[in-house]
Every structure is written in structure tokens, then in C-alpha cells.
Amino acid sequence: MTVSRITAVLGPTNTGKTHYAIERMLSYRTGVIGLPLRLLAREVYDRIVAVRGPGVVALVTGEERIVPPRAAYWVCTVEAMPEGMGCDFLAVDEIQLCADPERGHIFTDRLLNARGLHETLFLGAETMRGAISALVPEASFMRRERMSQLTYSGSKKLSRMPARSAIVGFSVENVYAIAELLRRTKGGAAVVMGALSPRTRNAQVEMYQNGDVDYLVATDAIGMGLNLDISHVAFSSLTKFDGRRMRHLQPDELSQIAGRAGRHVDNGTFGVTGEAPPLDEGVAQAICDHRFAPIKKLQWRNSRLQFGSVKRLIATLEDRTEDPWLTRVRESDDLAALKALAMDSEVAARATDGPSVKLLWDVCRVPDFRGISKGEHAALLTHIYNDLHQLGHVSANWFALQVKRIDRTDGDIDTLSKRLAYIRTWTYVAQRNGWLVDESHWRDATRAVEDRLSDALHGALTQRFVDRRTSILLRRLKQKESLLADVNDKGEVTVEGEFVGRLEGFRFRMDKAGSPDEAKTLRQASVQALVPQFHLLADRFYNAPDPEIDFTEQGGLMWGSQAVGKLVKGDDPFKPGVEAFVDEEAGPDVAAKVQRRLQHFIDRKIAAGFEPIIALKNDEALTGAAKGFAFRMAEEFGIIPRGEVAEEVKALDQDARGALRKHGVRFGQFTIFMPLLLKPAPTRLRLVLWSLSKGLGEFPESPPPGLVTVPAAQDAVAGYYAMAGYRAAGERAIRIDMLERLADMLRDKDSRGGFEANPDMLSITGMTLEQFADLMTGLGYKAEKGEREKVKAVAAEAPAADAAPAAEVAPAESAAEEKPDTGPEMEVFYTFTWGGRAARPARPQGDARPRGKGKPKGKGKPQGGGNNKPQTFQAKPKREKQIDPDNPFAAALAGFKKD
């Protein structure tokens, strides 16, 4: 009988160890090779199939199982290596993973127990020599030297990264961020991670290998034997999260990854990006020389399990070892799942004998590909175990539902990645012998779902991290050729046929996929092509009619739907400045032309909208107090609460008032204003100019046109309601012209004895009685609420000839008489009296009623400004009220007097 030969083939990366093992396996009739990654297993499987054909090669991983009837060569992940096959040759790659905290116990078990009948190879790093010598004393050693030289090149920014580089990140977020930056600056990158399906990974690698992109962003998965055309490896970090904590990468781990640079006889370099600190000189030299501290401890877990009971199984899994080379692995996920399921009463009731305990352990070894909480994973395993124990298989309907929920290719990268992780669970379950009724169907079905998701994920990764547009423009810029740009009627900009962004007025904006970093790369190409377009656009704008231009209530200036500038505070409130929104690259000529056109627009807008107040201000015929009052009106944009200028109004004689009235100034009891400026257009512009003059950060908007009253905000900027043409009183603000009409109605009411609101008062304010009471309270009145019997209108008596006999009363009337008496109908009313919050001044000289002599009769209307300050007053006799000829409702008031 031939004694099995055990050889440890050790050395750095790029020594051809895996290639040597494949050659040795194919020299035998049968063989098994265990590899550390599903991706690498697929790569080796494809290589062997290319040599020997698919009929004799099997691929077995946790989620994939291709086993032809005449399989002679088995390519597996280390966890999926079949036991007790009696194959002629057996190999385990990356044997140094015996020291890995997560998976090390699996590799250690293979080192101690897995053997080929004729030859066994352990492939890995030189750091394992001592451990293998101690634990497998019969093993011989073969050292293989690296075929190319590896050199440390220090730190490089990502923007200066050479072509054919692989940048290594240690988290999904880090990988995506690097790939995104490379897309913006270099045109794109391929993405390789261990969590990707082989189909997605191969499609991404193909882009890199065939030159579609010059950069690869990967996790440390590339350190495990993936053979790629890489010239330089850059580490974006020197730390990683190992599932429990953040830790620094060991020199041998860095070497494993850095060794992917340079293939065969081509030399390679390695270094760090600007985000990572430079490597220590000693560490860098050790990587170049492949000198590392030997591994002293291997992770171990007892593999001689006993299934008499769940308790006994857990005890054997937690057995300790006295071997100084071995250390018991920390609690693994499968053991944690076993303990969690053992706490379930139904599971505990089922797992009472050897076969049921063995089945429970097999279920607990289903990996948590989904990365969900331990509780959710335990619940999933509980369902699977109960089905297997009760039905003998997993429920087909339930399994089909789980697969169907995942079989969708919509969504972003993260969504598709999650679905791929989920389908791996069901693929794993489908690969277990006897767990499903129709294993073949479900293996094909789950594989088909994975393929669809893989293709969708590849498409999403390519769309996000490969920018064909940037690649084209950068190549054209390097060629120093003039670029052809086009802008359509929607403002969409294309350069060399590639969509690059939009023109928003005279500013260029990258499209949604863009960013400041991408704009920095593309702007040179885009703006170079857009300069002629800016000049054509400026000419069109300069000749555009005024109706095409408008201002917003926040002071913005619009050309159609595009923002082209904003108003800024000027020396004169009626002469604001203009700031044009024009890209610097468009040039000073374009900016000056846009600024001039906007200034012309706003100057004409103000001249037309405020013609009455500007004419008043510039009237040279006005002198003395009238001239001063005209300037005051202009300062307040044509609206002043009377209380703020009470003394100035008193100082105006009849001639001065007449001169001001000719310009449309109305002296109301509450407000001095120009009715023409209360229209919606002047009001909107007035609020913008007033906000500019006050230096407000956010401009208050004008009330909706046509409303007599609006809700009064308690936090409104001081002076806002006057500028809006309203006066706040109580919970609402009333338009000042309507307030003056109300004042006219109140003039002859007995404000001391009390009066009630009549329908005309409610009608012009558009308020309910309760709202009107609140308004009157805000104006200084007291509102006393009362209730009384409602007086019903008495119908006129019918002529005697039309009277009906008592016996002929209509049925409806008879029914009404028979209704029970519910009491009189009541109504609410308010009695208003002057509240005394401010004195009630008589009308000054020149107001609507001439001044007279005599004592006050207790009737009158409170006057004053918005601040309700106490004021002096003069008494006057009760006389017939004259109608103010300047009142816009003079005709209506004249009609009321006739009544």
C-alpha cells in the first residue's frame, strides 16, 4: 500500500502555488481541492473545465453545486470539501487561514484530518512552517519564490493613481466611495467584493481586464488568489473591522493583498492612498522581502462531535485542547444558533435523539448570509428545522414564497446586494441533500434568481461607477481637439453627443449624477464648448421684451422659469441694484450685458408701478410742510399709519392737503395712503423693495389678492402689514381701504352708550359676528357678548276675503300646532363701546368734516396709528358728516346717506 505523501508548498504570492496544485491534481485519477473563496473556486473550476471538460469536474460551494455523474475532480470551498471520499489527491489553499478568528477552525481541521490517498498538498504562506512541522510531522516542505519583484512606492492621491491599479477598501461603504471618486476623475472603476456572486464578479473583472476601465476597487478578497492584471495595489486604510472590533492589519495580511500587484514576470508596486497613513519602513521592507513573524496559534474546535443530546453536542463543541499550538475558537455563529434554538420549547421537544440532534446541528450551520439580527436568523432556522423534523422536508409552498419575494431586479445597488445575500440562504438550503422534495428544480430556480440579480447588480454597478461620458471627454481633452456642444430648447447640454448637464439661465449645472468633484473634472470640457453658447444666449436675453422677465417675492429675477439674477439694496429704496447670475467662465462681456438688461427691467418696473409716489416726491410745486410730507410718504412707500404722523398731519393746512390730494393721497382715520398703490402689483413690488431696504434675510410675501381680511401672524416683521396694505386687529388683519369704510360707518355710532354691528359692517369685512367682535376689540373697542330672544318677522295679515275657515286649516299648519313647545329661539349679539385704550381725537383740520365748536356728545370713532398711543383731541359739535371726495367708496357712502 502506497503511503500518502504530504507536502506543504509555502511562499509569497505570485509563486504559482495554485497552478502547481492544479497540475498535480490532474495527474491523478481523482482529486479534491479546497479554496478559501467561492469566487476563487469558480475561477479554478472554469480553468479545469477548459482542460478536461465539464463532464468530469464538480463544483461544490455553500450556494452552488454542480456534480456531473462521472465527476472525478472536485473543486470546493474549504467548508464544503466532502469528507471520506477516498480521492487520490487532496489540496487545501491558503492554509495560513488556520489562524483566522472566524474561519480558522475549519482550515485547522482540514490540516489535521483531510488527506488524499496518494498525495496531500497544503498551500500557503511561509509563516505556517513551524505550525505544520509541529502538527503534521510527516509533512515535507517545498518553498517557491516569487516570479516578480514587489516594490513599495509610498503614498499617492486617488487623482494621481496610475492606470491598472487596484485600490483596496475594507468596507462596502469605503469601496463604493472610492469607486465613485474614480468615476468622477478617471472615468470609472470595476468593483470586486467577496459578497458578490461569481457571475457579477466575473462581469466586473471582465470590464477591467479588457480595458473598459483602468481601475479596480476591491475588498481584501483579492488577496486570496484571484489572478488579475494589476500593476499597483493601494491601501485606502490600514485598519479593518473583523466582525468584533476595529483592528490594524498585520504585515502578513498586507503582504497577501499587496502581492496581487505584478503577475508572472511583471514587477509590481504597492502603497497607500492619501486617506491612509504611510506604511512603516520596516513593515514595507518586510512585505518586499516576504519576511514575517511565524504563526504561533491556530484556531481549533473539536470535530469529534457527539449527538446523544443537544446538551452533549454543545459540550463537545466547547471542548478544550491541551495542544500548545491550538487555541479554542471563540463562539462561532453556528454554535450561537444552536444555543438559541435549544432554548425554543418546540425545538427542544423534537431534538431528543441522535438523528434529530444531528439534523438540528446541520440546520444551525446554515450561514447568516443576510446579516440580520441573531434573533431573526434563529427564527428562520427554527422554521426550517421544524419543517424538516415534522414533514421530512422544507415546506415547498413556504420555500417558494421566500424565493418569489426576492425574485425582483428593480432597486439600487444596496437593494440588489441585499437580495443577492438573501437568495444565497435559499440557494444554500436547496443544495442540502434531502431538504427539499424537488431538489433539482429548486437548485435550478434559485440559481436562475441569483443569475438575474447578478446581472442586474452588474448593470447597476456599471451605471454608477463607470462614466462613459467622462471617459470620452477626457480622451478628447487629451487630444486637444475642439469640442462640439449643443443646447436644446429645454436647456439640456450635450458635448460630443454626451449629456453633461443643463443651462439654468447663464449658469451651467451638472446633471443629477454629477457632483462638485465630477464638475471639476468635466467643467473644463463642458465650459470650453459652452462659451459660444453663452454669448448667443446673452444676445437673445438682451433683446427679450419685459413681459418675459419678472421678479419673485424673494427678490429673485427670472427669465421665464430660469433664475438670472437677484435684487440687492441700493442707495435709494426706489433704485435697487442688480446682481446677475452668470458663470465666471462665460466672460465679463456676457455678465455685463445680462446685468444691464436686468437693471433696465427693474427700473422700468418701479417707474410704472410707483408712478404716483414718484410723481409726488418729484413735484417741484410742493413746498414747506407739503414737500416734507411728500418725502415722508415716499420713504414709507405710500402707506403710513396715521398715528405715526399725527403731528405732521396737524401741521398741514388746507392748501397743503389739497395739493397732496391732487396726487392721490388719502387722509384716512387710521392710515394715510395712496389708493392706487394698494393694487396687487404695486403691493407685491412694494414688499420686495421694503424688505431690501430693511435688509431682511427672508422677505415676507404679499397676501393673496382680493381678500378683505387675512389671519394676523403674531411673529410678523414690524411694519409688514402696513406695507401689505393691511392693519392687524385681533386675530386678523383688515385691508386699510375697507377699514376706512368701516370707520365711516362707525362715525355716528354711540360708542359710549354702546351699539351693535349691522349687516353692512359684516358685509364689507366678510366676517362672522364673532370675528367682527375680535376685530373691534383689536381696534380698541370693548365687545360685550349677550343673548336674547330672537325676534321673528311678523307676516302681514291676509285680507278678510282670503281668510280660510278654521276647519280648512292646511295639514302642515295643523302639524306645526301640534309640535311641543321648545321655548323661544335665542340669538347672540355684541354691544360695542369704546374701550379707552387710546384717546378719541377729533378730526384734524382738513379732514372729511369741517371743524366746529361745542362739547362732544359721546359719539365718535377712535383714531390713531397702529401703535395706539394716547393722543390729544379737540371736541366738535355733532354735525352732518360730509363725504370725503377722495374716498374710493364716496358714491356708495352717498347712497347710504340718502337712506
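Residues numbered from 1 in each chain as written. Predicted model: local features only at pLDDT ≥ 70, side-chain atom pairs only at ≥ 80, totals over all residues. Heavy atoms only, no water.

Where helix α9 (residues 310-317) contacts helix α12 (residues 354-364), the axes come no closer than 10 Å and their chain directions differ by 50 degrees. With respect to α12, the axis of α9 lies oblique. Handedness of the α9/α12 crossing: right-handed. When α9 is examined against α12, the residues Val310, Leu313 and Leu317 are found in contact with a partner set consisting of Val357, Leu360 and Trp361. Partitioning the contact of α9 with α12 into residue classes produces 6 nonpolar, no polar and no charged. (Axes fitted to C-alpha atoms, helices over the stretch in contact; angles between N-to-C directions. Helix = DSSP H or I, 4+ residues; strand = E, 2+ residues; numbered from the N terminus. Parallel < 35°, antiparallel > 145°, perpendicular 65-115°, else oblique. Left-handed = near helix turned anticlockwise from the far one by under 90°. Contact = heavy atoms within 4.5 Å. Nonpolar A, V, L, I, M, F, W, Y, C, P; charged D, E, K, R; others polar.)

Before going further, it helps to examine the sheet that holds strand β25 (residues 562-572). Sheet strands pair by backbone hydrogen bonding; their relative direction is either parallel or antiparallel. Taken in spatial order, the 4 strands of this open sheet run β23-β24-β25-β26, and their pairing is antiparallel. Both edges of this open sheet fall to β23 (549-551) and β26 (575-580), since each of them pairs with a single strand only. Here the average twist between neighbouring strands, direction ignored, is 30 degrees. Two elements, β23 and strand β24 (residues 556-559), share 3 bridges in a ladder whose sense is antiparallel. (Pairing = 2+ DSSP bridges.)

What follows covers the side chain of Glu439. Looking at the secondary structure, you find Glu439 in helix α16 (residues 439-465). Accessibility expressed as a relative area gives 19% for Glu439, which makes it buried. Contact partners of Glu439, with chain neighbours within four places excluded, come to Arg432, Asn433 and Gly434. (Buried < 20%, exposed > 50% of the residue type's maximum accessible area, 1.4 Å probe, protein only.)

Outside of glycine, negative phi angles account for most residues, and trans bonds account for most peptide bonds. Non-glycine residue Asn14 carries a positive phi angle of around 60 degrees. Here Asn14 lies in the loop between β1 (5-10) and α1 (17-26). Here Asn14 falls in the buried class, since its relative accessible area comes to 6%. Unlike most non-glycine residues, His290 shows phi in positive territory, near 60 degrees. Looking at where His290 falls in the secondary structure, it is placed in the loop between α8 (281-289) and β17 (298-300).

This next bit is on helix α3 (residues 104-113). The buried count for α3 comes to 8 of 10 residues, which makes it a mostly enclosed element. Restricting attention to buried positions, one finds in α3 the residues Gly104, His105, Ile106, Phe107, Thr108, Asp109, Arg110 and Leu111. Packed against the buried residues of α3 are β6 (89-92), β7 (119-124), α4 (129-135), β17 and β18 (326-328).

Counting 72 residues, the largest nonpolar core has Phe506, Ile613, Leu616, Phe629, Met633 and Leu660 as its most contacted members. Dropping the residues within four chain positions of it, Phe629 is found in contact with Val645, Glu648, Val649, Leu652, Leu660, Phe667 and Ile672. Formed by 63 residues, the second largest nonpolar core is a distinct cluster that contains Trp361, Val363, Ala378 and Tyr385. (Core = buried A, V, L, I, M, F, W, Y, C linked by side-chain atoms within 4.5 Å.)

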